[in-house]
Amino acid sequence: MNRVLLATALAPLIWGSTYLLTSSFLAGVPAPLLSVLRILPAGLLLLLAVRRLPPREWWLRIGVLALLRQGLFFTLLYAAAQSLPGGVAATIGASSSMLVLGLAFPLLGQRPSALHLGLASAGLLGVALVSLGADAALSGLGLLYALGFAFVNALGVVLFKRWGWPAGATPLQQASWELTLGGLMLLPLSLGSLQALASVTAGGWAALAFLTLIGTALTAWLWQRGLNLLPVQQVSLLGPLSPLMALGLDLLIVRHALSPAQAAGALLILGSVILTALPARHSLKAAPSA
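Since the model is a prediction, treat every value here as computed from it, not as a measurement.

Trainee: How should I be thinking about the pattern of salt bridges in this particular structure?
Mentor: Oppositely charged side chains may form a pair once their charged atoms are brought near each other. Taken as a whole and assessed by the stated rule, the structure comprises one salt bridge. Note that Glu178 and Arg69 form a salt bridge whose closest N and O atoms lie 3.0 Å from each other. Separated by 109 residues along the polypeptide, Glu178 in helix H9 (residues 171-190) and Arg69 in helix H4 (residues 59-83) bring together distant segments of the chain. One exposure class covers both Glu178 and Arg69, and it is buried.

The following block contains the structure:
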């Protein structure tokens, strides 16, 4: 199995901890402020490590990607998590892989293969079986938030593949630029809710530190490296690993029983991801690896 693909898969697995940590420790923090606290320190930390700004001619494109893939994505993600049952938000978010396949055709000229469509559908069905409960109460605004974060993520990924990246820029540099700009864009929206931080416990700050350092700084680099080196369809199909990890954490920590439907969904997700990895023996696009 391709090592780059395996490393990229770590990102959605780590992201699977987001809902549990947020709902357990950070539920009272507004979505824009929570997003800033997560992505801006991560971006500044990576920027301090790389010590390089993007070329002037790339600022507009990187700004668009930062708005879509960081600022809007995280704000809508947390707004959906606060408005919907976690399973519903995770299921709709997993539709991002289907949206990537659809957007890649008009924007990249890449027609989705029957295999990719089948695997994306199987992964989405698996997420639905894992996450959705019969008693889920749905909010119309929450559904729009969830559809929004799935769409901006898919559009950002496809636009990145269309535009490429500055000559010589590494995945670490690309991640630092996007996270920093995305956080700065959200900063004015979050300043009015700083009083919410008074209610954050020591456990909440520890959860936020993990989400910032591991769940954002590390995973942004891993995911960006995968996008640089692998076909966009293949990377997007790893997305269902996130709700699968959320289910595993729920079983281990919250001690919820696994229903037959959830077990079937977990098998569907694992099967779709394993089959995604099998065609990965083709040559990869040359790009920096650090």
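Structure's up, so let's keep going.
Trainee: Can you help me understand the packing of helix H2 (residues 18-25) against helix H10 (residues 202-229) in this one?
Mentor: Each pair of packed helices gets described by two things: the angle between the helix axes and the distance between those axes. H10 packs onto H2 with a crossing angle of 155° between their chain directions and a minimal axis gap of 9 Å. Taken together, H2 and H10 sit at an angle that is classed as roughly antiparallel. Our pair here, H2 against H10, has a crossing hand that is left-handed. Residues Thr18, Leu21, Thr22 and Phe25 of H2 form the contact with H10, whose own contacting residues are Gly203, Gly204, Ala207, Phe210 and Leu211.

Trainee: How should I be thinking about the packing of aromatic side chains in this particular structure?
Mentor: In this description, an aromatic ring pair is defined by two values, namely the gap between the centres and the angle between the planes. For the structure shown, the criterion picks out four aromatic pairs. For the pair Phe73 and Phe74, a centre-to-centre distance of 5.1 Å together with 80° between the ring planes defines the contact as edge-to-face. The exposure class of Phe73 is buried, given its relative accessible area of 16%. Here the aromatic cluster, defined as three or more aromatic residues joined through ring pairs, consists of Phe73, Phe74 and Phe149.

Trainee: Quick question: what am I supposed to make of helix H8 (residues 140-163) here?
Mentor: Spacing of three or four residues puts side chains on the same side of an α-helix, whose turn is 3.6 residues. Its 24 residues give H8 an end-to-end C-alpha distance of 34 Å, which sits within 8% of 34 Å, the value for a rise of 1.5 Å per residue. Immediately downstream of H8, the backbone of Gly164 shows phi near 75°, a positive value.

Trainee: Could you clarify how one ought to interpret unusual backbone geometry in this entry?
Mentor: With phi around 50°, Arg51 is a residue other than glycine that occupies positive phi space. You can see Arg51 is positioned in the loop between helix H3 (31-50) and H4. With a relative accessible area of 69%, Arg51 lands in the exposed category.

Trainee: Would you explain the nonpolar core in this entry?
Mentor: Buried together is how nonpolar side chains tend to be arranged in soluble globular proteins. Grouped together as the largest cluster of nonpolar side chains are 70 residues, with contacts concentrated most on Leu26, Phe149, Leu227 and Leu238. If sequence neighbours within four positions are ignored, Leu227 has contacts with Arg69, Val157, Phe160, Lys161, Val232 and Val235.

Trainee: Looking at this structure, how should I read the environment of Ser242?
Mentor: Its location among the elements puts Ser242 in helix H12 (residues 241-254). In sequence terms Ser242 and Ala94 are 148 residues apart; their C-alpha atoms lie 8.7 Å from each other. Beyond its immediate chain neighbours, meaning those up to four positions away, Ser242 contacts Pro12, Trp15 and Gly16. Looking at Ser242, its side chain comes within polar contact range of the main-chain oxygen of Pro12, at 3.5 Å.

Each value, and the rule that gives it
Residues numbered from 1 in each chain as written. Predicted model: local features only at pLDDT ≥ 70, side-chain atom pairs only at ≥ 80, totals over all residues. Heavy atoms only, no water. Salt bridge = Lys/Arg side-chain N within 4 Å of Asp/Glu carboxyl O. Helix = DSSP H or I, 4+ residues; strand = E, 2+ residues; numbered from the N terminus. Buried < 20%, exposed > 50% of the residue type's maximum accessible area, 1.4 Å probe, protein only. Axes fitted to C-alpha atoms, helices over the stretch in contact; angles between N-to-C directions. Parallel < 35°, antiparallel > 145°, perpendicular 65-115°, else oblique. Left-handed = near helix turned anticlockwise from the far one by under 90°. Contact = heavy atoms within 4.5 Å. Phe/Tyr/Trp six-rings, centres within 6.5 Å; stacked < 30°, edge-to-face > 60°. Expected span 1.5 Å × (residues − 1). Core = buried A, V, L, I, M, F, W, Y, C linked by side-chain atoms within 4.5 Å. Polar contact = N/O pair within 3.5 Å; in protein donor to acceptor, adjacent residues only side chain to side chain.

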